[in-house]
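A closer look at the structure
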Amino acid sequence: MTTQLDQVPACGTQNLTKVFGSGEQPVVAVDDVSVAIARGSFTAIMGPSGSGKSTLMHCMAGLDRPTNGAVYVGADNIAGMSERDVTRVRRDKVGFVFQSFNLLPTLTAEQNITLPLELAGRKVDRQFLGAVVSSLGLADRLTHRPSQLSGGQQQRVAVARALMTRPEVIFADEPTGALDQKTGTALLEYLQACARDQGQTIIMVTHDPRAAGYADRALMLLDGRVVDDIANPSAEALALQLGVMG
Amino acid sequence: MLRHALSELRLHPTRFVATLIAIAISVGFVAAISVFVNSQQTALGMQNALQLSKADVVVRTEEAWIDDQSYPLPGFADAIAAVPGVATVLPEPLAGAGVLTKGDRTATISLFDVPPAELQWSQLVEGRMPEADDELALSRAALEKLGAQLGDAVRPQGGDADLRVVGVTDDPNTLWTTVGYISVPAQSQEDVLTGTFLVKVDGDPAAVIGPIEQAVVGLGTETTVMTGDQARAEALNAMTADVDIFKYLLQGFGAVALLVGAITIANTFTILVTQRRRQLGLLRAVGASPAQVRGRIVVESFLIGAVGSLLGLGLGFAVAWGGGAVTGSNYFGLTVVPLELALAWLAGVVVTMLASIGPAIAASRVRPIEALQSVPTEAQAKRAGIVRAVVCGLAGVAGAALVVVALGGGDWALLWAILAGVALTIAVLGAAPLYVAPLLGLVGRLFGMAGPTTRMAFVNSARNPRRAASTATALMLAVGLIVTLQAALATARSSGMATIDKEYPIDVVGVSTEAIPSSLIEQLGALPAVQRVVGIESKPVGTDGTSVIAPGTAYEDLGVERPNRSVPEAGEIFLHDEYSAIAEAAGLDPATLKSGAKISLPGADGPIEFTVKTSGSVSWDTGLVAAEDFATLPGEPTVTQVWLKLYDRTSSTQLNQVTAVLEGHPEIYLDQSGAMMASILTQVMDVMLIVLTALLGVAVVIALVGVGNTLGLSVIERQRESALLRALGMQRGGLRLMLLVEALAMVAVGTLIGLIAGSFFGWLGVKTAFSSMPDGVMELRFALDPWYTTGLIAVCLLAAVAASILPGRRAANATPTEALAAD
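1. Brief notes about the overall build of chain A
- The helix and strand tally for chain A stands at 9 helices and 10 strands.
- The C-alpha radius of gyration of chain A comes to 18 Å, within 12% of the 18 Å expected for a compact globule of 246 residues.
- Along the first, second and third principal axes, the C-alpha atoms of chain A reach 50 × 45 × 40 Å.
- Buried residues in chain A amount to 50% of all 246 residues.
- Long-range pairs, those at least 24 residues apart, make up 68% of the contacts in chain A between residues at least 6 apart in sequence.
- Per element, the accessible surface of chain A, about 10900 Å² overall, is 48% carbon and sulfur.
- The positive charge centre, built from 22 side chains, and the negative charge centre, built from 25, are 8 Å apart in chain A.

Right under this line is the structure:
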């Protein structure tokens, strides 16, 4: 049953353009992109290297400022916000999972997970924490430092951290890039379940068609533009597509 | 290799800025001492040789009395004058130091009689030389000191006639002397015996030396003849031995600065090596041998040391010039001993290279595989070894044992205390990596409730124990040394003050040979400095000026605690324990006088017998009796003593108010006055405190530069973490706060340990020094100078704040995208 809230996209962009450099050869990384991401969707952003997918994600996540256009997180346009306000948006409304180096080495796993909440001064919902932690199988790893965790465990801690603030959207940048196949598959299945069962909006940037196959929407980027928008992508079809795009 | 090293330095010049500063300051300190002291020596020598400035030949002969004959014989000067080529022979103008006053200003001036024109060494700027004996000429510097001008009158201290300033000269002044000229009446000049004659010569002075020597044979004893240049050089070198001692003492402080600088430099290189692990791994992978890698680091350190030391020399010159401007010796220019400066430069280079040996060896141990590690390895926080723990433990035990020995007293106690200090310093500083990090972690947990920022800050500062420890160590050493000296001085001062308070409880005791008018007592009481005043009556004993007083309730009236043996019982008399004129007059031998002896003093109805009690706080011509006995002794009581209580007995200004009033009453002299001693003690100690703090302050500055250095370099390797924190939503201010807390934590630990250790060593030093004095002379009162010590702590903490500013901005400006990009 759709409600009014469901119809507001979790995030999106309007005529987003990002240009690097101002000299002779400015690089247009993102060229007039307008997308809307529905709530509870698991979207993959794909493309060959240099297609602007990482830049698009950075702008959508508030990590970078667009040159032109609007960026929406929830109903707010963050493109015009001050640095302080954007930081707050990142803290409260966005979750991150990076390819590597996700965690602060001086904190334990649990401290890493609760970090955004502590930064915001919000109380930790211990029940929710317990649920997230056990669903990721981290219960016995909470007091360990990142150097004592495997790559897969580190990524899972990052996912737990991203989930704790119940953000509008979670951005994952090549989350399985540094993992072996088995661990990577498990992670992707978990993300899929989060979207489907919990209604968590997830946007994943990847170049791996197999990973994108777990998403229910794939945006193909080439030279800073969206060239294709595929619903319920299959890994094989995506691989073909990527091959054609070169 | 030189090229590589140069390119490394050129690529990241800012990384080495702090190190260069540290070296420059250390070497600058050493250079400044050398140039400054040498310049002062020159200036002093020049001043000493002032009279000789224009002489071509100087003839010196001993003034002696041999076989009823006074040498030099009269005619000595004429004999010289008769030598062909000699133009003028004149006795050396005499000089004496005089204290002149004008109004309330005083100055000590070296007063010369007016030299003849051809021998004059300075110029008259205004007016003329004195001709009458109520005239004088002063240098500009002397006029400044007195606040006087041409035409003013000045008065010799204690004299009763003014001298008028008739001329102004351009004599320079140095730290110690200022010049003036008086006129010595003509007839007394001939009677003046002098052994030095200044000779002006037509032609070459050297040629005249032989003939002069021959001419004066037999007329004088131990005659030397030398050219003016030789005599001037001699005057310059006369003080070399004393000045050298002074120089070496000061260079001791320079050595401390270099030591602290060495720790900072070692730190920098350690951090840099850690950050360049991938580069170094690459070098090794490509085929460089460990020796080549080591060599590279050493060459880098040589370059840094060379440049930094050069900068230091420049800094030293500037400081010495500034010092010379203050003392006035710049008039004679800066004296440079190239050898000493070369040594200073060399010391800087050597220290830098020695400090880089450890890091160079660590660099050569980087394995080639580290070049391939894409995720930057965390700084290998090696656990401090067992060896370190054992060595420091032994040093600590040895130190503790030596402390016990030192406290046992004896003549060598101070030496044991110094050795104990060295052992304990090694133990505390050496063991720093073992306790600094846990200490920081502990405090972090306490503060952890303040939020993730603070907690992370503490953990960050402790994550590399060795780095945190070395940074804190430099500060511990510098702060520890300063606090040791400050504590020693403050303790000595308060102990001395306590003894003065006990032995001389009355601030000012004025004793008069006549009756003191009550108007004077009122006048004294009305002075703003005087809290209470009491007149003490006395009665004469006999006719030789001795008297008896009964203090009675005087102590209470003054609000002063009674000293130990001060109030006689009925039938007792207190007399001086070493020599009492009263005892002598009564027929007793003052040298063997003991308590319990009986003494008879004439009473109104016959002799009264008293029991003697000896005391150190009675003056030699006075006896103390009880009030009842005082009444029965014959004679009219007159007030012959006035006792004053000042508001602050340590203030020389307050004391001066009293002495100014008493100057008009020459019959009153000050005796056993606590205020006099207290103010002298305070002044001396204050000067020493300032000087020592300034000298050791240099080392503290270097250590604080080291803190900024560590922070700045650490931020570089934490770029990604800073970026991650920004991505997760930490505000810029939060990152700056984190750096601030880190800086404060390190500085607080270093300062605290330095403070505790310094206080202990200062106390120990004074205690053992006292123990070699006779028992009971001084009571030990530990003290820390509140201003200097808290000032020191405040400076350190402020410096921590300042040190965190630039690194904080750097961390805060980390952009999430740049730094998080997969490398």
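2. So, a nonpolar patch on the surface
All names here are of chain B.
- Taken together, the side chains of L339, L343, L346, V350, L354, I357 and I361 define a hydrophobic patch exposed on the protein surface, amounting to about 620 Å² of accessible area.
- Looking at the nonpolar patch, the elements that each hand over two or more residues are helix 11 (338-355) and helix 12 (357-364).
- Per-element accounting of the nonpolar patch gives the leading share, 5 residues, to helix 11.
- Take L339: its relative accessible area is 60%, and that puts it in the exposed class.

3. Here's the deal with the environment of G305 of chain B
All names here are of chain B.
- Position of G305 among the secondary structure elements: in helix 10 (residues 290-327).
- Taking the C-alpha atoms as reference points, G305 and A24, separated by 281 residues in sequence, lie 8.9 Å from one another.
- Discounting chain neighbours no more than four positions away, the residues touching G305 are I23, V349 and T352.

4. Concerning the nonpolar core
- Counting 107 residues, the largest nonpolar core has F96 and F171 of chain A together with V436 of chain B as the members making the most contacts within it.
- When residues of this core are assigned to their parent elements, the largest contribution, 16 residues, is made by helix 23 (residues 674-717) of chain B.
- Look past the residues within four positions of V436 of chain B in its chain and what remains in contact with it is A468, A469, A472, M476 and V749 of chain B.
- With 41 residues, the next largest nonpolar core counts L117, I202, M204 and A212 of chain A among its residues.

5. So, the confidence of the model for chain A
- Per-residue pLDDT for chain A has a mean of 88; in total, 96% of the residues score no lower than 70.
- Averaged pLDDT values over the elements of chain A bottom out at 58 in helix 1 (residues 4-7) of chain A and peak at 94 in strand 8 (residues 201-205) of chain A.

6. With respect to the interface of chain B and chain A
- Listed as interface residues are 22 residues of chain B and, on the opposing side, 26 residues of chain A.
- Interface of chain B and chain A: buried area, both sides summed, is about 2400 Å²; carbon and sulfur atoms make up 66% of it.
- Ranking the residues of chain B by area buried against chain A places L724, L728 and Q731 of chain B at the top, with a combined share of 26%.
- In this structure, R726 of chain B engages E83 of chain A in a salt bridge whose closest nitrogen and oxygen atoms are separated by 2.7 Å.
- Across the chain B-chain A interface, the total number found is 6 residue pairs in polar contact (both at pLDDT 80 or more).
- For the side of chain B that touches chain A, the secondary-structure elements that each account for two or more residues are helix 16 (452-462), helix 24 (719-728) and helix 27 (816-820) of chain B.
- Grouping the amino acids of the side of chain B that touches chain A by side-chain chemistry returns 11 nonpolar, 4 polar and 7 charged.

7. Notes on the pattern of salt bridges
All names here are of chain B.
- Under the defined criterion, the tally for this structure stands at 28 salt bridges over all chains.
- One salt bridge in this structure joins E300 and R296, with 4.0 Å as the shortest N-O distance. Taken as a pair, E300 and R296 lie in helix 10 at a separation of 4 residues, close to a single helical turn.
- Looking at E300, the relative accessible area reads 0%, which means it is buried.
- R296 sits in the buried class, given a relative accessible area of 12%.
- A single salt-bridge network, built from bridges that share partners, covers R128, E131, E135 and R164.

8. Thoughts on the side chain of T264 of chain B
Residues and elements named next belong to chain B.
- Relative to the elements of secondary structure, T264 occurs in helix 8 (residues 240-275).
- Given a relative accessible area of 2%, T264 falls into the buried group.
- T264 has contacts with A22, I702, G706 and N709, leaving out every residue within four places of it along the chain.

9. As for the sheet that holds strand 4 (residues 86-91) of chain B
Residues and elements named next belong to chain B.
- Strand order in the open sheet made by the 4 strands is 4-12-1-13, with antiparallel pairing throughout. With one partner strand each, in any of the chains shown, strand 4 and strand 13 (221-227) form the two edges of the open sheet. With strand direction ignored, the average angle separating the axes of adjacent strands in the sheet is 20°.
- Direction of pairing for strand 1 (residues 57-62) relative to strand 12 (residues 196-201): antiparallel, over a ladder of 4 bridges. Residue pairing in the sheet places V58 in a bridge with L198 of strand 12.
- Across the face of the sheet, helix 6 (residues 205-215) comes into contact with strand 1, strand 4, strand 12 and strand 13 while running at roughly 165° to strand 13.

Parameters at a glance
- Residues numbered from 1 in each chain as written.
- Chains lettered and ligands numbered in written order.
- Predicted model: local features only at pLDDT ≥ 70, side-chain atom pairs only at ≥ 80, totals over all residues.
- Heavy atoms only, no water.
- Helix = DSSP H or I, 4+ residues; strand = E, 2+ residues; numbered from the N terminus.
- Rg over C-alpha atoms; globule rule 2.2 N^0.38 Å.
- Buried < 20%, exposed > 50% of the residue type's maximum accessible area, 1.4 Å probe, protein only.
- Contact = heavy atoms within 4.5 Å.
- Areas by Shrake-Rupley, 256 points an atom, 1.4 Å probe, with all protein chains shown as cover.
- Lys, Arg positive; Asp, Glu negative; His and termini not counted.
- Charge placed at Lys NZ, Arg CZ, Asp CG, Glu CD.
- Patch = residues over 30% accessible without salt bridge, like charges linked within 9 Å, V, L, I, M, F, W, Y side chains within 5 Å.
- Salt bridge = Lys/Arg side-chain N within 4 Å of Asp/Glu carboxyl O.
- Core = buried A, V, L, I, M, F, W, Y, C linked by side-chain atoms within 4.5 Å.
- pLDDT = per-residue confidence, 0-100.
- Buried area = accessible area lost by both parts, 1.4 Å probe.
- Polar contact = N/O pair within 3.5 Å; in protein donor to acceptor, adjacent residues only side chain to side chain.
- Nonpolar A, V, L, I, M, F, W, Y, C, P; charged D, E, K, R; others polar.
- Pairing = 2+ DSSP bridges.
- Axes fitted to C-alpha atoms, helices over the stretch in contact; angles between N-to-C directions.

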